[in-house]
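Take a look at the letters that make up each chain.
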Amino acid sequence: MNAISTPASALSRTDYRTLGLAALGGALEIYDFIVFAFFAATLSHLFFPPQMPEWLRLLQTFGIFATGYLARPLGGMLMAHFADRLGRKRMFSLSMLMMAGPCLLIGLLPTYAQIGYLAPLMLLCLRLLQGAAVGGEVPSAWTFVAEHAPARHRGYALGLLQAGLTMGYLLGALTATLLAEVFSPQQMQDYAWRIPFLLGGPLGLFGVWLRRWLNETPVFLSLRSQRQERAYPLLEVLRSHRSTLLPAALLTCVLTSAVVIPVVVTPTLLQQHFAWPAKDAFALGSLGIVFLNIGCVIAGRITDRVGPLRSLILYSLLLPVGVGLLYASLIGGWRWPGVAYAVAGLCCGIVGVVPSAMISLFPADIRVSGIAVTYNIAYSLWASAAPLLLIAAAPWSPWVSAWFSLAMGGVGLFAASRFRAPRVPHWENVAYSRI
């Protein structure tokens, strides 16, 4: 690995290779985690008693889905500790391995009709393992890419990474759309529901293999050469960076909402509340994810131009505009709801802004731990509660998601008002990788 004294002015071929491998592996891991949500309606019939009311079965299935988020903090903090101590690359690969195995096993699970209540219990345990894995994936991915990218293009690189990660949501939505088109509802319940999980396991293992070609970040190598690693990075976060925890947690809640509403909640409500066929709901959700990906890249470019603070303010204002337009189109029965879904995806570009802000809040020696503790605790609580609350409240008002996004926009503005980046230590001003 050769170094130069100042960051390069543009992403090199090596930068794109590193970014591409990180994003592709992350997309496969996110697919393994999120595909559960797209088949929640089917799984609710298979893993709970048939005499249970449908709304309660669906709610308990989403409850199991939510436990994956609840397991994120512990798994994330453990992996973050070793990422700050031993290197980013090792934990980056371990998290994917921990995701792929349970995904494959979910596809092999017996159902409630075969083993009774042991079936949902086993499903719950596998979701806990997946939650621990994804808790280490996102902080490591953000840090890995940010510490490889030239500083002037860090926002763009992180925006591309986020687009890659959200591509995992798109893979899940496309898989659900295809299966709903090919198989009847009865065939889905009989055997076809296993297909996305049986595909996800080998794909995740392929992602582990891809990551063996990545190199450790130059920032961590500089830390090691300067002997700047912390013995207990999480304790340093809690001791010296407490004022940073609140804005970081709030930004995570806003990011979570910008993902949960278009990716998880709206496709479910299209089926349950607006009586859309599953294949049409998944297809429309897929369109929204495509434009969410585009919005992440655009937001990353804007962040490089105007900085993370102004970008946070801009996209906090755009978030409720996009979601409000989407639900106005659904409630009003507009002719082209796909256009509104596309606009909503673009307005959710705050998903591509928050990583740049989070990276800048913590110095390199505690960066993964700082992001992991705030991101995973906030994400786990918010992502587990928000879908349940929004789905439960939808019968009372179809506008609930729009009002929720308005509140989250206000939270984003408040977090921006508390945004303070720390002084960068001299040993962090290292060269960026050129392999």
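Quantities reported herein were computed from a predicted structural model and do not represent experimental measurements.

The rules behind each value
- Residues numbered from 1 in each chain as written.
- Predicted model: local features only at pLDDT ≥ 70, side-chain atom pairs only at ≥ 80, totals over all residues.
- Heavy atoms only, no water.
- Patch = residues over 30% accessible without salt bridge, like charges linked within 9 Å, V, L, I, M, F, W, Y side chains within 5 Å.
- Areas by Shrake-Rupley, 256 points an atom, 1.4 Å probe, with all protein chains shown as cover.
- Salt bridge = Lys/Arg side-chain N within 4 Å of Asp/Glu carboxyl O.
- Helix = DSSP H or I, 4+ residues; strand = E, 2+ residues; numbered from the N terminus.
- 1 Å grid on protein atoms, 1.4 Å probe; cavity = no way out; pocket = protein on both sides within 12 Å on 5 of 7 lines; lining within 4 Å.
- Points joined across faces, edges and corners; volume = space filled by probe spheres on them.
- Nonpolar A, V, L, I, M, F, W, Y, C, P; charged D, E, K, R; others polar.
- Core = buried A, V, L, I, M, F, W, Y, C linked by side-chain atoms within 4.5 Å.
- Buried < 20%, exposed > 50% of the residue type's maximum accessible area, 1.4 Å probe, protein only.
- Contact = heavy atoms within 4.5 Å.

S.K.: Any chance you could explain a nonpolar patch on the surface here in plain terms?
M.R.: Judged by side-chain polarity, Leu24, Phe206, Trp209 and Trp213 come together as a nonpolar surface patch covering roughly 410 Å² of accessible area. Tracing the chain through its elements places Trp209 in helix 10 (residues 195-211).

S.K.: Help me out: how do you make sense of empty space enclosed by the protein in this one?
M.R.: Empty space among the atoms becomes visible once a probe the size of a water molecule is rolled across them. As enumerated under the stated definition, the model contains three cavities of 30 Å³ or more in all. Space inside the largest cavity adds up to approximately 160 Å³. Counting only elements with at least two residues in the lining of the largest cavity, the list comes to helix 1 (13-38), helix 7 (118-148), helix 8 (154-182), helix 13 (242-272) and helix 18 (367-393). For the lining of the largest cavity, the element with the most residues is helix 8, which contributes four residues. For the lining of the largest cavity, a count of residues per class yields 14 nonpolar, two polar and one charged. When its volume is computed, the second largest cavity comes out at roughly 120 Å³. The set of elements that each furnish at least two residues to the lining of the second largest cavity consists of helix 1, helix 2 (40-46), helix 3 (54-70) and helix 13. The greatest single-element share of the lining of the second largest cavity, amounting to six residues, is contributed by helix 13. Partitioning the lining of the second largest cavity into residue classes produces 10 nonpolar, three polar and no charged.

S.K.: Just checking my understanding: could you explain the nonpolar core for this structure?
M.R.: Across soluble globular proteins, you tend to see nonpolar side chains buried next to one another. Within the largest apolar cluster, 113 residues are counted, with the highest numbers of intra-cluster contacts made by Phe38, Phe47, Trp142, Leu161 and Leu312. With 15 residues, helix 13 is the single largest residue contributor to this core. The contact partners of Trp142, leaving out residues within four places of it in the chain, are Leu158, Leu161, Gln162, Leu165, Leu255, Val354, Pro355, Met358, Ile359, Ile371 and Tyr375. Counting six residues, the second-largest nonpolar core is a separate cluster that includes Met79, Ala80, Met91 and Val368.

S.K.: How do you make sense of the pattern of salt bridges when you look at a structure like this?
M.R.: Where side chains of opposite charge bring their charged atoms close, a pairing between them can arise. Evaluation of the coordinates by the stated rule reveals two salt bridges. A salt bridge links Arg239 to Glu236; the nearest nitrogen and oxygen atoms lie 2.9 Å apart. Pair noted here: Arg239 and Glu236 are both in helix 12 (residues 233-240), with a separation of three residues, about one helical turn. According to the relative accessible area criterion, Glu236 is buried, its value standing at 9%.

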